[in-house]
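Topology and contacts: notes
Spelled out from the first residue to the last, the chains are:
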Amino acid sequence: MKPFRPLLLGVAALIVLLALGVAAISRPAFQTWAVRKVLAARPSLPVTVGFVAAGLREITLTDVRITHTGAVLVIPLIEARLPLIAAVWSEKVLISQLVAKDWKLDLSAPRAPRSASGEQATLTNPPTPGQVVVRVFAGIFGLLDLPVDFSLGGLQLGGDVTLPDGRGTAKVAISGGGLAANREGKFNLVADFALTDPKVSSVKLRGVLSAGMNSPRTFKQVTGKFSASAQGVQFPQGVTLTADARAEKNATGESYFVAVESGSRELAMVRATYPGRARDFDGTWKLDLRDSDVAPFALGVALPAFKAAGEGKLRTDSGFAIVRASGRVNLALDRLEAIQPQLSSIGAVTLAADFDLAHDGATLIVDRLDATLAGKRPVGAIRALQEFTFNTKTRELQAADPARGLFDLRLAGVPLAWSAPFFPAVALSGSDLQGEFIATPRSGGLTLRSKDPLTVTGLSVTAAGRALLRAVDVSLSATADYAPQGWQADITAMTAKQGSAVLLAGSAKIGMLAGADHAVKATGAISADLPGWLAQPAMDSAGALTKGKGTIEFAASLGATQQVQASVKFQDLVADPKITAESLPVITMHLRADLDANGQMALNAPVLIERAGRKTDLLIAGTILRAKTGMTVDVQLASANFVVDDASILAVALPGDAPAVPTGSAPVRARAAPWAGVNGVVALALKKVIYSDSFQASNVTGTLRITEGAAKLEGVRAGLGESGDANLDGAVTFDAQAARPYALAADLTLTNFDPAPFFRAFNPAQPATVEGRFNVTSKVFGQAATLADLPMAAGGDFQLTSKGGVFRGLPVSVAAKLEATSTLAAGIARLGSLANVLSGRNGKAMETVANNAQAVGELVNSWKAIAFDQLSAAVTRDASHQTELKDFVLISPEIRLSGRGVATHQGGASALDDPIAM
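Residues numbered from 1 in each chain as written. Predicted model: local features only at pLDDT ≥ 70, side-chain atom pairs only at ≥ 80, totals over all residues. Heavy atoms only, no water.

1. Section: the overall build of the protein chain
Here is the rule: Helix and strand definitions here come from DSSP, where helices need a minimum of 4 consecutive H or I residues and strands a minimum of 2 consecutive E residues; each element is numbered from the N-terminal end. Accessibility here uses a 1.4 Å probe with only protein chains present; expressed as a share of the type maximum, an area under 20% marks a residue as buried, one over 50% as exposed, and anything in between as partly exposed. In this analysis, two residues are considered to be in contact whenever any of their non-hydrogen atoms come within 4.5 Å of each other. Using a 1.4 Å probe, accessible areas were evaluated by the Shrake-Rupley method; residue-level cover was limited to the displayed protein chains.
Looking only at helices and strands, the protein chain features 12 helices and 49 strands. Looking at the protein chain as a whole, 32% of its 918 residues qualify as buried. A separation of at least 24 residues holds for 48% of the contacts in the protein chain among residues at least 6 apart in sequence. Just so you have it, the protein chain exposes about 52,500 Å², and 60% of that area is on carbon and sulfur atoms.

2. A closer look at the nonpolar core
Side chains of a nonpolar character, in soluble globular proteins, are inclined to be buried together. The test is simple: Buried residues of nine kinds, namely Ala, Val, Leu, Ile, Met, Phe, Trp, Tyr and Cys, make up a nonpolar core once their side-chain atoms join them within 4.5 Å.
Membership of the largest hydrophobic core comes to 25 residues, with the highest contact counts inside it found for Phe 807, Leu 871, Phe 888 and Leu 890. Taken together, the elements giving at least two residues each to this core come down to β38 (678-690), β39 (696-706), β40 (710-720), β42 (742-753), β43 (770-784), β45 (866-868), β46 (870-877) and β47 (883-891). Val 64, Val 200, Val 203 and Phe 306 belong to the second largest nonpolar core, which has 23 residues in total.

3. Regarding the packing of aromatic side chains
Going by this rule: Two rings from Phe, Tyr or Trp (for Trp, the six-membered ring) form a pair when their centres are within 6.5 Å of each other. A pair whose planes differ by under 30 degrees is stacked, one over 60 is edge-to-face, and the rest are tilted.
A complete count under the given rule lists five aromatic pairs for this structure. Aromatic side chains Phe 388 and Phe 407 sit 6.5 Å apart centroid to centroid with 40° between the ring planes, which places their arrangement in the tilted category. In this pair, Phe 388 is assigned in strand β21 (residues 388-391) and Phe 407 in strand β23 (residues 407-414), connecting sequence segments 19 residues apart. For Phe 388, a relative accessible area of 12% gives the class buried. Phe 407 sits in the buried class, given a relative accessible area of 16%.

4. Quick word on the environment of Lys 521
The test is simple: Pairing of N or O atoms within 3.5 Å defines a polar contact, subject to two protein rules: one partner must be a possible hydrogen donor and the other a possible acceptor, and residues neighboring in sequence count only if both atoms are side-chain atoms.
For Lys 521, the location among the structural elements is in strand β30 (residues 520-529). Relative accessible area serves as the criterion here: at 48%, Lys 521 is assigned to the partly exposed category. Between the alpha carbons of Lys 521 and Gly 511 there is a distance of 5.4 Å; along the sequence they are 10 residues apart. When residues no more than four places from it in sequence are discounted, the contact partners of Lys 521 are Lys 509, Ile 510, Gly 511, Ala 556 and Ser 557. Here the side chain of Lys 521 touches Ser 557 through a polar contact of 3.2 Å, side chain to side chain.

5. Looking at a nonpolar patch on the surface
Inclusion rule: Candidates for patches are residues over 30% relative accessible area with no salt bridge; among them, like charges are joined within 9 Å and nonpolar side chains (Val, Leu, Ile, Met, Phe, Trp, Tyr) within 5 Å. Every case where a carboxyl oxygen of Asp or Glu lies within 4 Å of a side-chain nitrogen of Lys or Arg is listed as a salt bridge.
A surface patch of nonpolar side chains, about 530 Å² in accessible area, is lined by Leu 56, Ile 85, Val 88 and Trp 89. Counting through the fold element by element, Trp 89 comes out in helix α3 (residues 84-89).

The following block contains the structure:
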């Protein structure tokens, strides 16, 4: 025995360990841990369990919670009686009793998020249409075959349901049993809905579901009889629907029948037979349904008004590869706002269709299709001209007769109001959209061409209550080609007219090669009559131009990276003589913009302005990053030669009126700054800025830095004249809580600045008020209710000093008095000389008077232009636009002037024209 003792001890130890393992496994704590671990390893299963206890003949689960697309099911207790060993080892799931009561199903939480297209999120790889057909029609009893032996002796389910959107609650109970091989099980359904809808207060649903099994794993029949009754204010007598559904399997195949009735009227019916090994599966369908039939049972969901009537046939082969549906249907719809508020503009519509369609794997077969859509008037129709097929995999289209047309699409009158669901912020009005297209076969695809152009007359566009476009006639002719290799649309003629004037004319092409990696390509050319467009409400500049033409040629590639190139030109511009008689420039811009998948756009836009033989160039280049939180810019403005007059003349020729503010009303306060949501920098690099022939700046550099609260000019430098320099640092801030939300604060320093060219630029007809080299230090500040008012509201403190120049700034009142004195003295001298001659006296005294008068006159002339050695002054301009001259000191070899002065602002005039009293 000794040689076998270790073996016996080992076997005994293994038996003990197995017994301990079985004891541990049978403990609820271990079972709960194991189930939770399995569920945690499968995060796609939204199930949690509080407690698990499994014996040899029963299983108990507590606090089971299941979530799916916003719905939450909580089951306090599930008890199932079945032999576990037989279920695990013998594949026999023989449930004698299954009980789950007091569960709660909450449907009130928001549903799963929708995709960008507005549809609810679906599977990553949704089934193809052919797969869907197989899942629905591949024999019902084949789908019901079980992988294990099954029986259900008794079932008791009961709980409460909370409906979505506060529509009410329901109590649901399902009971029954007796389901086993060669037996028929029956289950009773009772559901009572208490609704918050004032029209329908309660709905009661009763039903009996029977199922018979011919073996432990297969079914031979399934039947169901249901009745639903509704009561409420709208239906005091109550409304009842009944439904009868049957599926039976016999030696010759399977048969299906479903019917829904209201009283003696059959609302819907589907009858079909599946002959098993026979070739075809045949069925019929019939429909006679109104919204009033089903509205009482919609559980508070608003339904559009509808009436649907039709009948037809269904057919498929034994493999369910080919499914054919044919028949006629008439559908009337109204009150579509119940589906979506924007659909209210569509009103009542009717659809009549006669069809014979088939689906063979990946191929759609159109044997017959004739459909018409109408509202108050006929809207459109589509009619197949011959049989054709379309393969959804290869994208190939084949026609029975390549020489004949495929289908005809006629738009008899699509109301523009129907555009509201697609453009909710824009309102379109005008005539109905009309046109006709015909499709013909072409190289495995088709060509769709305009038989009659698309037209709309009297088109008007309004957005946010503001008119943008008024009374424009639009016409468009196009041809579209489709083939398995790709598609292309060619807009051969596009025009927009107002009366006899052509506002716009152009053509364009757009297309794409097949495959997800290819981009949409587009090219085109458009010309526009600028005076006509400026007269439209969107521009609100009628009469600004009497002549002018704009053209644009573009090319675009819209793929993972979107690229746009465009050449824009404005020429032959003539302004209304009432606005300006000056000639207007020719403007050319070449734009290149690349937008990547991250939302960053690389921009390069050189602009050329040509006028009177001069050229102004401006380059806008950099990057713009658009994100959910706002926009970040990193842009440079560069120019070799910028003529201010040639650029600013456009603002004069194209005036814009600010919104009128009623008398006595405060201006509308902005809630945010114009740069809100924009951050970044704009670098300045302007080689030469020409204000006039006599005044210009050079090498203008600096940075405009934009933050959430301010727009700052940092380190702006410019050369003025031959040796002058300017330095500017400042910021415009915005405070929404302030009475005047916009505030300006800046420091401006001028060194060796000669103001003479500046004065001559503003008033070439008069000599410069001051000539010389000045140093200026200043602090500029101001507050305003609007950004446009900020320059006029700006004031500041300025300190000026110069060591030599000419001053012509004496007040007119002083010069007038001196000139009057000179005239009086000359008169006295002439009178004195005449008296001496008549009296024979000596004229020496009178000669002295005459010399004094001459001296006074010379003095007056000399003060009109004073050559000084030193000049200094302090100037302050307040918020009311009054300018005060303080500590004015002028020293010349012959004169010393000092004093103070006040310049009174004249409304609507330049500050340089303000009269000064000294």
